[in-house]
Amino acid sequence: MERTERRAGWRLEHTYARLPELFWHRQDPAPAAKPELVILNDRLAVELGLDPGALRAPAGVEALAGSRLPEGAEPIAQAYAGHQFGWFTMLGDGRALLLGEQRTPSGALVDIQLKGSGRTPFSRGGDGRAALGPMLREYIISEAMHALGVPTTRSLAVVKTGLPVIRETVLPGAVLTRTAASHLRVGTFEFAAWRGGREALRALADYAIRRHMPEVSGDERPYLAFLREVIDRQAALIARWMLIGFVHGVMNTDNMTISGETIDYGPCAFLDEYDPDTVFSSIDTHGRYAYGRQPAIGAWNLARLAEALLPLIHEDEEKAAGLAEEALAEYPGRYERYWLKGMRAKLGLFGEEAEDGELARDLLELMRRHRADYTRTFFDLTRGRPEETAMHGTREFGEWLERWRNRLGRQPQTEAEARRLMESANPAVIPRNARVEEALEAAARGDLSVMERLLAALAKPYDPEAADPLYAAVPPKPDRPYRTFCGT
Ligand code: AMP
Ligand code: MG
């Protein structure tokens, strides 16, 4: 395979590939027929130490399409397993390849992954490819999440391959270049525990610790400290999702990272009306991954990580189980603290009062009963316009407002300070389902202007002055419930 001649600034390392061979498989991408750049994330490129101009040049686009390897790339498919909807299976990168880890100008190590770059030994029945629409959707939503301040994998580029992808209809093929703190998953540890034996498991855990939390290596029980740190990061992450109304949609253990970043933007979507039972994914027929179940599913997945780590936690099986259980028992409290901290900000509350949690939960219950729009309600409260919420005029909401105002009145901070706190926690703009679909439909016709306008609005979600009214507005309720799809 040819190598790029123009200097894009690639500084790829291969630390993951130093793990035992069972964790990866060397695999070149399938060349594209006619690589065509659809979108490049210039700002992210610069953060990575890459030259956007060189990436836009033909050789750069070919590299992003999988048709030639960037300098220093040694593509591999990563092995992992996972519990999908509760069932354990062997998975692995079936349509993705890790080109290497980019050493950024600030010294960070960032995974560079092509998604949709062809078959691998882990493809099973799949074609290894991706369609343009879903890759653009991942680009839009992951970049929106980043701007919302939620840890997430990011999107560097989407390139059309010129190859057809056969789904229900024939669709244009595309490759997404995804970046991540790493692609280590709970499922990577499940794979190691299942296939690798103790030494492979230890090698993986040591690698994860070095890469993501070197501080725990000095701990008396480093693997237990590692587990506790992952538990903490996931509690924090899932609290962030809940606070912004994000429904991940496919919280299988292979889609839960060790780093604490959000990964896998298949069937995800944002709430409109507040309802904990909201499910968007067409295959989640039992609502396992409903909005309101996400914190509990987080605990379930972390229990799978704990099980995988047992042989490293203590030589004595019973002691290992006891220690792991203690660590898992901390999750609900940690989650609640992160969530409540976020809710206090959403309500403009400084300091802590014992009834703050109840105040927040009572508002959510009113929102549920009155089918209030989640994002808009908090935005209206932020702007001092409670009369614009769906609950306005009811006695119960009047009472709630009085409690809230009394609570605000008891704190020394000014109204302006409370409002600034609320603005920092209540986005004016989120990627609304209808708006994302409309951008994707235009892109499919070759018109990228709609997506660009949407991306510009999503880049500054917490700036009510800058908010594009089109994207701050609540779109009319669709005739049919919004449905999303996995693995498309
Ligand atoms: P996901 O639903 O994205 O978490 O993917 C679950 C598993 O299916 C992973 O092992 C993917 O690599 C694999 N997969 C998804 N789509 C494809 C495809 N088109 N071809 C091959 N493997 C795929
Ligand atoms: Mg996945």
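To be clear, the structure that these remarks concern was listed above.
If you're wondering where the values come from, they're calculated on a predicted model, not measured in any experiment. What you see as residue numbers is a count from 1 along each chain, following the sequence as written. Both sets of labels track the order of writing: A upward for chains, 1 upward for ligands. Since the coordinates come from a predicted model, pLDDT governs what is reported: local features require at least 70, and pairs of side-chain atoms require 80 or more to be given and counted, while whole-chain, interface and lining totals use all residues. Side-chain measures here rest on the full set of heavy atoms in the structure, leaving out hydrogens and waters.

Chemist: How do you make sense of the overall build of the protein chain when you look at a structure like this?
Modeler: In this text, helices come from DSSP runs of H or I with a minimum length of four residues, and strands from runs of E with a minimum of two, each type numbered from the N-terminal end. Broken down by element type, the protein chain carries 16 helices and 12 strands. For the protein chain, whose C-alpha radius of gyration is 23 Å, the value lies close to the compact-globule estimate of 23 Å for 488 residues. Dimensions of the protein chain, computed from the C-alpha atoms along their principal axes, are close to 70 × 60 × 45 Å. Three exposure classes are used, based on accessible area relative to the maximum for each residue type with a 1.4 Å probe and protein chains only: buried under 20%, partly exposed in between, and exposed over 50%. Counting over 488 residues, the protein chain shows a buried share of 56%. Any pair of residues with heavy atoms lying within 4.5 Å of one another is described as a contacting pair. Across the protein chain, every contact between residues at least 6 apart in sequence was considered, and the portion connecting residues at least 24 apart equals 71%. As displayed, the protein chain offers around 20,500 Å² of accessible surface, 51% of which is attributable to carbon and sulfur atoms. The atom set for the radius of gyration is the C-alpha atoms, and the globule formula is 2.2 Å times the number of residues raised to the power 0.38. Residue burial considers only the protein chains on display, and all accessible areas are found by Shrake-Rupley using a 1.4 Å probe.

Chemist: Looking at this model, I keep getting lost on the site of ligand 1. Mind explaining?
Modeler: For each residue, the test is whether any non-hydrogen atom lies within 4 Å of the molecule or strand; if one does, the residue is near. What surrounds ligand 1 is a group of 17 residues, the closest being Gly 92, Gly 94, Asp 127, Gly 128 and Asp 264. The contact in question runs from an oxygen atom of ligand 1 to an N or O atom on the side chain of Asn 255, over 3.2 Å. Residue Asp 264 places a side-chain N or O atom 2.8 Å away from an oxygen atom belonging to ligand 1. Lys, Arg, Asp and Glu make up the charged group, whereas Ala, Val, Leu, Ile, Met, Phe, Trp, Tyr, Cys and Pro make up the nonpolar group; the residues left over, Gly among them, are polar. In terms of residue class, the shell around ligand 1 is made up of two nonpolar, seven polar and eight charged. Those domain boundaries reflect an automatic or database domain assignment. Counting contributing residues, the shell around ligand 1 receives three or more from each of domain 1 (6–180) and domain 2 (186–338). In the analysis that follows, any N or O atom pair within 3.5 Å is treated as a polar contact, provided that within protein one partner can donate a hydrogen and the other can accept it, and provided that, for residues neighboring in sequence, both atoms belong to side chains.

Chemist: Would you mind showing me how to read the packing of aromatic side chains here?
Modeler: For any pair of aromatic rings, geometry is given as the distance between the ring centres together with the angle between the planes. Under the pairing criterion, centres of Phe, Tyr and Trp rings, with the six-membered ring standing for Trp, must be within 6.5 Å; the plane angle then separates stacked pairs below 30 degrees from edge-to-face pairs above 60, leaving the rest tilted. Considering all chains together, one arrives at 15 aromatic pairs under this definition. Geometrically, the ring pair formed by Tyr 16 and Tyr 207 is edge-to-face, given 6.0 Å between the ring centres and 70° between the ring planes. Note that Tyr 16 is positioned in the loop between β1 (12–13) and β2 (24–26) and Tyr 207 in helix α5 (residues 186–212), a separation of 191 residues in sequence. Taken as a pair, Tyr 16 and Tyr 207 share a single burial class, namely buried. Between Tyr 274 and Tyr 291, the ring centres sit 6.0 Å apart and the planes meet at 85°, which makes this aromatic pair edge-to-face. Separated by 17 residues along the polypeptide, Tyr 274 in the loop between β12 (269–270) and α7 (294–313) and Tyr 291 in the loop between β12 and α7 bring together distant segments of the chain. A relative accessible area of 3% means that Tyr 291 is categorised as buried. An aromatic cluster is present here, built from Trp 241, Phe 246, Tyr 265 and Phe 270 joined pairwise through their rings. Remark: a charge is flagged as sitting over a ring if the NZ atom of Lys or the CZ atom of Arg is within 6 Å of the ring centre and within 35 degrees of the ring normal. If you follow Arg 195 out to its NZ or CZ, it ends over the ring of Trp 194, 4.0 Å from the centre. Lying over the aromatic face of Trp 300, Arg 288 brings its terminal NZ or CZ to 4.6 Å of the ring centre.

Chemist: Honestly, the environment of Phe 122 in this entry has me stumped. Any pointers?
Modeler: Mapping Phe 122 onto the fold places it in the loop between β8 (109–115) and α4 (132–147). With near-sequence residues (within four places) excluded, Phe 122 lies in contact with His 25, Ala 77, Gln 78, Ala 79, Met 90, Leu 91, Gly 92, Asp 93 and Gly 94.

Chemist: Help me understand the pattern of salt bridges, please; the structure alone is not making it clear to me.
Modeler: Oppositely charged side chains may form a pair once their charged atoms are brought near each other. Put simply, a salt bridge is a Lys or Arg side-chain nitrogen that is within 4 Å of an Asp or Glu carboxyl oxygen. Inspection of the entire model under this criterion finds 40 salt bridges. In this structure, the salt-bridge partner of Arg 154 is Glu 47, at a minimum N-O distance of 3.5 Å. Of this pair, Arg 154 sits in strand β9 (residues 154–166) while Glu 47 sits in helix α1 (residues 42–47), placing them 107 residues apart in sequence. According to the relative accessible area criterion, Arg 154 is buried, its value standing at 10%. Arg 385 serves as the salt-bridge partner of Glu 388, at 3.6 Å between the closest nitrogen and oxygen. Residue classification places Glu 388 among the partly exposed positions, given a relative accessible area of 43%. The class of Arg 385 is partly exposed, set by a relative accessible area of 34%. Through salt bridges with shared partners, one network takes in Arg 344, Glu 353, Asp 356, Arg 407 and Arg 410.

Chemist: Quick question: what am I supposed to make of the nonpolar core here?
Modeler: Soluble globular proteins tend to pack their nonpolar side chains together in the buried interior. Within the largest apolar cluster, 97 residues are counted, with the highest numbers of intra-cluster contacts made by Phe 189, Phe 226, Ile 258, Trp 339, Leu 347 and Trp 400. Among the elements that line this core, the one with the most residues is helix α6 (residues 222–244), at 15 residues. Domain assignment of the residues forming this core places at least three in each of domain 1 (6–180) and domain 2 (186–338). Here Phe 226 is in contact with Phe 189, Ala 208, Ile 209, Met 213, Val 216, Ile 258 and Leu 309, once residues within four sequence places are set aside. Here, the term nonpolar core denotes a set of buried Ala, Val, Leu, Ile, Met, Phe, Trp, Tyr and Cys residues that are joined through side-chain atoms within 4.5 Å. In this structure, Val 158, Leu 176, Val 436 and Leu 455 belong to the second largest nonpolar core, which totals 27 residues.

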